[in-house]
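Letter by letter, the chains look like this.
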Amino acid sequence: MSLKSGFTLIEMMVAMAAASIVVLSAYAFLGASARTFNLSVKAYGEESAALVRSIQQAQQGILLIKIGKNKRASRMTRPN
């Protein structure tokens, strides 16, 4: 009975194939996660920009109303 240490070629090939499958699966999962993260960051940026634009438009509308009321009020108190 001979004792041999190490692995046979077939065992090494099976281990390498299994390791390759695990690594490729992890790579695909991480790639999909990165794409999803980037899309969510992009959507968040677009939504926040739209929110900022709507707030700025509302503020401009309020300023125009205030300016308009001041002009009208000054005409009513001091007619030309």
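Quick caveat, the model's predicted, so the values are computed rather than measured.

Now, about the overall build of the protein chain: what can you tell me, with residues and values included?
Counting its secondary structure elements, the protein chain contains one helix and zero strands. For the protein chain, with 80 residues in total, the buried portion stands at 0%. Counting every atom, the protein chain has about 7,800 Å² of accessible surface; 69% of that belongs to carbon and sulfur.

Before we move on, could you go through a nonpolar patch on the surface and cite the residues and values that matter?
A grouping of L9, I10, M13 and V14 is seen on the molecular surface, where their side chains present a nonpolar patch of about 450 Å² in accessible area. Tracing the backbone through its elements, the reader meets V14 in helix 1 (residues 9-77). We classify V14 as exposed; its relative accessible area is 54%.

About the cut-offs
Residues numbered from 1 in each chain as written. Predicted model: local features only at pLDDT ≥ 70, side-chain atom pairs only at ≥ 80, totals over all residues. Heavy atoms only, no water. Helix = DSSP H or I, 4+ residues; strand = E, 2+ residues; numbered from the N terminus. Buried < 20%, exposed > 50% of the residue type's maximum accessible area, 1.4 Å probe, protein only. Areas by Shrake-Rupley, 256 points an atom, 1.4 Å probe, with all protein chains shown as cover. Patch = residues over 30% accessible without salt bridge, like charges linked within 9 Å, V, L, I, M, F, W, Y side chains within 5 Å. Salt bridge = Lys/Arg side-chain N within 4 Å of Asp/Glu carboxyl O.

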